[in-house]
Amino acid sequence: MMSVRNRFIFALVFSLPLLVNMVGMPFGFMLPGGAWSQFGLTSAIMAVAAWPFLQSAWASFRHHHANMDTLVAIGTVTAYLYSVYALLTKRAVFFESAAFVITFILLGQYLETRMKASASSAVEKLVDLQAKDAEVIRHGQSVRIPLAEVQVGDVIRVRPGQKIAVDGEIIEGSSTVDESMVTGESMPVLKKTGDKVIGATMNSQGSFLFKASKVGDDTLLAQIVEMVKKAQTSHAPIQKTVDKIADIFVPVVLIAAIATFAIWYVFLGASAVTALLFAVSVVIIACPCALGIATPTALMVGTGRSAKLGILIKNGEVLEAANTVKTIVFDKTGTITEGQPKVTDIVGDAQAVLQNAASLEAASEHPLAAAVLAKAKAAKIAIEPVRDFQAVAGQGVTGQVKGQAAFIGNAKLLTTPLAPKLAQAMADLQQAAKTVVIVGVAGQAIGLIAIQDAPKASSATAMAALKQQGLRTVMLTGDNQRVAQAVADQVGIDEVIADVLPGDKAAAVAKLQQTAPVAFVGDGINDAPALTTADVGIAMGSGTDIAIESGGIVLVKNDLMDVVTALTLAKKTFNRIRLNLFWAFIYNTLGIPVAAGVFAALGLVLSPELAGLGMALSSLSVVASSLLLNTTKLGQRQKGLPVTQKAIA
Amino acid sequence: MTQIMVLLGAVGLIGFIVWWFFGKHTTATTTAKVQNATQAAEVVVSGGYSPETVVLKQGVPAKLTFLRKDPSTCLDHVVFPDMGINDFLPQDQAHTIAIDTTKPGNYEFACGMNMFHGQLIIK
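Residue positions are given per chain, counting from 1 as you read along its sequence in written order. All chains are assigned letters beginning with A, and all ligands numbers beginning with 1, in the order in which they are written. Residues qualify for local features only when their pLDDT is at least 70, as the model is predicted, and side-chain atom pairs are given and counted only at 80 or more; totals for whole chains, interfaces and linings, by contrast, use all residues. As a rule here, side-chain values come from all non-hydrogen atoms in the structure, and water together with hydrogens is ignored.

Chemist: Quick question: what am I supposed to make of the overall build of chain B here?
Modeler: The number of helices and strands found in chain B is 1 helix and 11 strands. Each helix and strand of chain B, placed in order from N terminus to C terminus, yields the pattern α-β-β-β-β-β-β-β-β-β-β-β. The buried label applies to any residue whose accessible area, calculated with a 1.4 Å probe on protein chains only, is under 20% of its type's maximum; exposed applies above 50%, and partly exposed to all values in between. Relative to its full complement of 123 residues, chain B shows a buried share of 47%. Contacts spanning at least 24 positions in sequence make up 51% of the contacts within chain B whose residues lie at least 6 apart. Elements are defined by DSSP. Helices are runs of H or I of four residues or more, strands are runs of E of two residues or more, and each kind is numbered from the N terminus. The contact rule is simple, with two residues in contact once any of their heavy atoms fall within 4.5 Å.

Okay, here's the thing in structure tokens:
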């Protein structure tokens, strides 16, 4: 079987003499052999280039189906057979109509397959990112093995400039890693012992050993590929309406064509040739293939592009829903905030306060202890041994530091009341929603440490951008109203719903849904029900697998700005689908009456050749419009893009 | 006289199109054969899918073989939207797709342009 390209070339070569003949006719030029040569050339085109159309049309006819090939076949065969009849009875022939229509349609199909291939290349590009092999340490010796043989628990060496084979955790060495191809983050990330590395990302200067934690289909890249594949083959709900139309479209067009012929010939007294030309034009212009590709191509380009930015949109349904969202709800901890408490203020002699606090906390398991120890480590303060360590429930911890009785905790551990200056500082810090602990020696306070789960750097910018898009922002949290409100004020959130038990998050989202469609952004296991309940669930990628499973959109990076980008991109893609459908329909709805000769009185008619060209153009404009999604601007995110794009291309 | 004949012919042809494309016609259904704890079925792609409905048993690994005889580019891909499958079907060559039968339900499949449809029933 000849490829579409070869069929097009064949049709082009054989229709060129016909073109010369048509152009030359007014100047008295004729092909040698006249109408018989036209018959020969066109017969060759019908037998070779057009044959597959006829075959497919017949096969679907037997199944009680009709498709675009049905229209092409009926249109060209009608023109061809009539011309053969005209040739034998010495009337005017129009073989060139059939030949040109076939040529144009094949040109359209050829360009379309090429463009469709480039639209669907995102998945292949992602798969190509994978490393081909890995240097694994086995029995104390390093061996190079194919990627497929790497197992969980293998220790893998990564040299400068090498690709990281699979997901894992660094056990020795450090380096900076370019993760742009997977996360979309254009800045290289510093990785040291204990940090997680992602398969398919690129190591730069350093060299390190890491232990494989996920291989094969479990790696982040494999999961991204799977998700993008599913999204690209999914259908947006809008497509269902289109499908229904497409199903009845072709038979209706055939009926319209027959009616056109009958009306012109029987009622308007046109000649059989004129009536037939109108009918053939109707059949050709009406090809609904632009309609069929309007949604899938836009979806492919849109989801492919977002995947490059580290935003995974699961399917067309999510895309359409994202377009209607009016309210966006955020989980607080880990989504708006860093998720890890940090020491923000120290009141008193920082050195003494921190040394006492850190020494006592070194033995404690309190969640806030980690924040204090991290601060002490950063300030290079030595931790002293503690004797008589004691954790007092509901108060704090006590112990002997450097021979003195020290404590860290709340006011209940004090023997003398807090000095007015410290009490004022404590009230101020608490007002700013910080957790304040008192550090003291011998029953007397020597200072305060304020700890807070601070908002991420990008939170405030993201909220401002969302508000600019006309969205209402809501924060949902289990924390108390005061703490929640303080964070909300810092980042600029419209509404706070505090004191929500983890199990009630979904109910809170459902309540908000009563007024307008809601998107929910979260990362924890306890966010999963809310992610599912919301019209659009956006899971932060640093979150748990369950959250990722429940979200309709997954953000690989832990950056709230991606929420803005995701919504923008979803809107742009959906608008593109609508624009495509408009283009696909406009050709048919405007084209059919013109082709049927409704405006013939005004001198506006469409010959079958022009109809064929118009049909090819309609498919091409739809695919081209989808491909343009790759270059649309997405606001401020655009700056970081070139690096990422290069890494993918 | 010719005019009346043409008119009658046109009306008759329209009637035929309506009956042929919109009338109720039975579609073929096949149940996959289970053999050695796997099941397999073949679908011929020619102007549509025959059979149009394939029934699979839940929990038994399934292989669905597509044989495209149709030269049309319209049918050169088969898409299972719910399963993330979008495969190219080489003409006149059998192409086998492994189907995950863990979840029961009705799954649509369609050509690349979503104009021809088939159905997979897992129960």
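Next, the rest of the story.
Chemist: Just checking my understanding: could you explain the interface of chain A and chain B for this structure?
Modeler: Think of interface size as the accessible area that goes away when the parts come together; that is how it is often given. Each partner contributes residues to the interface: chain A has 44 residues there, and chain B has 38 residues. For any pair of parts, buried area is found by adding up, for both, the accessible area (1.4 Å probe) each one loses once the two are put together. Both faces considered, chain A and chain B share a buried interface measuring about 3500 Å² in area, 70% of it formed by carbon and sulfur atoms. Contact with chain B buries surface across chain A, with His64, Thr233 and Ile258 of chain A losing the most and accounting together for 18% of the total. Salt bridge, as applied in this entry: a Lys or Arg side-chain nitrogen positioned within 4 Å of an Asp or Glu carboxyl oxygen. Our enumeration of links across chain A and chain B arrives at 0 salt bridges. Of all the secondary structure elements, the ones that give two or more residues to the side of chain A that touches chain B are helix H3 (51–62), helix H4 (68–88), helix H5 (95–119), helix H8 (220–233), helix H9 (237–267) and helix H11 (289–308) of chain A. Among the elements that take part in the side of chain A that touches chain B, H9 of chain A stands out by supplying 14 residues, more than any other. Side-chain classes follow a simple rule in which Ala, Val, Leu, Ile, Met, Phe, Trp, Tyr, Cys and Pro form the nonpolar group, Asp, Glu, Lys and Arg form the charged group, and the remainder, Gly included, forms the polar group. Taken together, the residues of the side of chain A that touches chain B break down into 22 nonpolar, 13 polar and 9 charged.

Chemist: Any chance you could explain the pairing of strand S4 (residues 167–178) of chain A here in plain terms?
Modeler: Sheet faces and side chains relate simply in a regular strand, where the side chains alternate between the two faces. Residue and element names in this part refer to chain A. At least two bridges found by DSSP between two strands is the condition for calling them paired. Where S4 and strand S8 (residues 207–214) come together, 7 bridges link them in antiparallel fashion. Along S8, the bridge assignment pairs Glu172 with Leu209. By the bridge criterion, 2 bridges tie S4 to strand S6 (residues 196–197) in an arrangement that is antiparallel. Residue pairing in the sheet places Gly168 in a bridge with Val197 of S6.

Chemist: Explain the nonpolar core to me, please; I cannot follow it from the model alone.
Modeler: Within soluble globular proteins, side chains that are nonpolar generally end up buried alongside one another. All names here are of chain A. By size, the foremost hydrophobic cluster in this structure holds 68 residues, and its most contacted members are Ala49, Phe53, Leu71, Ile102, Ile105 and Leu106. Among the elements that line this core, the one with the most residues is H9, at 12 residues. Ile105 has contacts with Phe53, Met68, Val72, Gly612 and Met615, leaving out every residue within four places of it along the chain. In this text, buried Ala, Val, Leu, Ile, Met, Phe, Trp, Tyr and Cys residues form a nonpolar core when linked through side-chain atoms within 4.5 Å. Core analysis: the second largest hydrophobic core is formed by 55 residues, Val318, Ala465, Ala484 and Ala566 among them.

Chemist: I'm lost on the sheet that holds strand S19 (residues 518–522) of chain A in this one. Help?
Modeler: In a beta sheet, neighbouring strands pair by backbone hydrogen bonds and run either parallel or antiparallel. All names here are of chain A. Taken together, 7 strands build an open sheet; the order of strands is S9-S21-S20-S19-S10-S17-S18 and the sheet is mixed. Each end of this open sheet is capped by a strand with a single partner; those strands are strand S9 (311–313) and strand S18 (495–497). Neighbour-to-neighbour, the strand axes of this sheet turn through a mean angle of 20°, independent of strand direction. Summarising the sheet, S9 and strand S21 (residues 553–555) pair through 3 bridges and their orientation is antiparallel. Bridge pairing links Ile311 to Leu555 in S21. Together, S9, strand S10 (327–331), S19, strand S20 (536–540) and S21 form the strand contacts of helix H22 (residues 561–595), whose direction differs from that of S21 by roughly 145°. Note on geometry: axes are lines fitted to C-alpha atoms, helical ones only across the stretch in contact, with angles between N-to-C directions running from 0 to 180 degrees.

Chemist: Even after reading the chapter, I still don't get the environment of Ile97 of chain B, so can you show me in this structure?
Modeler: Residue and element names in this part refer to chain B. Assignment of secondary structure puts Ile97 in strand S9 (residues 94–99). Taking the relative accessible area as the measure of exposure, Ile97 reaches 4% and is therefore buried. Between the C-alpha atom of Ile97 and that of Ile85, which follows or precedes it by 12 residues, the distance is 8.7 Å. Sequence-distant contacts of Ile97, defined by excluding residues within four places in its chain, comprise Ala62, Lys63, Leu64, Phe66, Val78, Phe80, Ile85 and Asp87.

Chemist: Even after reading the chapter, I still don't get the sheet that holds strand S11 (residues 117–122) of chain B, so can you show me in this structure?
Modeler: All names here are of chain B. Reading across the sheet, the 6 strands line up as S1-S5-S11-S10-S7-S8 and stay open at both edges, with mixed pairing between neighbours. A strand with exactly one partner marks an edge of an open sheet, and here the two such strands are strand S1 (29–31) and strand S8 (85–88). Taken over all neighbouring pairs, the strand axes of this sheet differ in orientation by 20° on average, direction set aside. Relative to S11, strand S10 (residues 105–111) is paired through 6 bridges, and the arrangement is antiparallel. Residue Phe109 lies in a different strand from S11, and its bridge partner there is Gly118.

Chemist: It is not clear to me how the pairing of strand S6 (residues 62–68) of chain B should be interpreted in this structure. Could you clarify?
Modeler: All names here are of chain B. The element S6 is extensively covered by neighbouring structure, given that 6 of its 7 residues are classed as buried. Relative to S6, strand S3 (residues 38–45) runs parallel, the two sharing 7 bridges. Residue pairing for S6: Val44 is matched across the bridge by Leu67. Across 6 bridges, the pairing between S6 and S9 is antiparallel. Counted as the bridge partner of Thr65 is Thr96 from S9.

Chemist: Explanation requested: the packing of helix H17 (residues 459–468) of chain A against H22 of chain A in the structure shown.
Modeler: A pair of packed helices is captured by two measures, namely the crossing angle of their axes and the spacing between those axes. All names here are of chain A. Interhelical geometry of H17 versus H22 gives an angle of 25° and a closest axis separation of 8 Å. The angle between H17 and H22 falls in the class roughly parallel. Contacts between H17 and H22 involve Thr461, Ala462, Ala465 and Leu466 on the former and, on the latter, Met561, Val563, Val564 and Leu567. In the contact of H17 with H22, the residues fall into 7 nonpolar, 1 polar and no charged. Relative orientations are named as follows: roughly parallel for angles under 35 degrees, roughly antiparallel for angles over 145 degrees, roughly perpendicular for angles from 65 to 115 degrees, and oblique for any other angle.

Chemist: Can you walk me through unusual backbone geometry in this structure?
Modeler: Negative phi is the rule for most residues except glycine; trans is the rule for most peptide bonds. Cis geometry marks the peptide bond from Ser50 of chain B to Pro51 of chain B, where omega comes out at -5°. In this fold, Pro51 of chain B is placed in the loop between strand S4 (49–50) and strand S5 (53–56). Located in the positive-phi region is Lys380 of chain A, a residue other than glycine, with phi close to 55°. Here Asp388 of chain A, not a glycine, exhibits a phi torsion of approximately 55°, which is positive.

Chemist: Would you explain the packing of helix H1 (residues 4–24) of chain A against helix H2 (residues 35–48) of chain A in this entry?
Modeler: Residues and elements named next belong to chain A. Look at H1 against H2: their axes get within 10 Å of each other, and the N-to-C directions meet at 160°. Put simply, H1 runs roughly antiparallel to H2. The handedness of the crossing between H1 and H2 comes out as left-handed. Where H1 approaches H2, its residues Arg7, Phe10, Ala11, Phe14, Ser15, Pro17, Leu18 and Asn21 are matched on the opposing element by Gln38, Leu41, Thr42, Ala44, Ile45 and Val48. By the definition used in this description, the sense in which the near helix is turned from the far one sets the handedness, with an anticlockwise turn below a right angle giving left-handed and a clockwise turn giving right-handed.

Chemist: Before we go on, may I ask you to explain the side chain of Asp154 of chain A in this structure?
Modeler: Residue and element names in this part refer to chain A. Among the secondary structure elements, Asp154 is positioned in the loop between strand S2 (141–146) and strand S3 (155–158). A distance of 2.8 Å separates a polar atom in the side chain of Asp154 from the backbone nitrogen of Gln151. Apart from residues no more than four positions distant in its own chain, Asp154 is found in contact with Val136, Arg138, Glu149, Phe210, Lys211 and Ala212. Polar contacts here mean pairs of N or O atoms no more than 3.5 Å apart (in protein, one a potential hydrogen donor and the other a potential acceptor; neighbouring residues in sequence count only if both atoms are side-chain atoms).

Chemist: Even after reading the chapter, I still don't get a nonpolar patch on the surface, so can you show me in this structure?
Modeler: Exposure above 30% relative accessible area and the absence of a salt bridge qualify a residue for a patch, where like charges join within 9 Å and nonpolar side chains (Val, Leu, Ile, Met, Phe, Trp, Tyr) within 5 Å. To be clear on the numbers: accessible area is Shrake-Rupley with a 1.4 Å probe, and residue cover counts the displayed protein chains and nothing else. Residues Leu12, Leu16, Leu19, Met22, Val23 and Phe27 of chain A make up a contiguous nonpolar surface patch of roughly 560 Å² in combined accessible area. Its location among the elements puts Leu12 of chain A in helix H1.

Chemist: It is not clear to me how the confidence of the model for chain A should be interpreted in this structure. Could you clarify?
Modeler: Keep in mind that low pLDDT regions are not for reading the predicted coordinates in detail. Averaged over every residue, the pLDDT of chain A is 82; residues scoring 70 or more account for 92%. Summary of the metric used: pLDDT quantifies the predictor's per-residue confidence within the range 0 to 100. Confidence over residues 636–649 of chain A falls short of pLDDT 50; this stretch has 23 contacts with residues more than four positions distant or in other chains.

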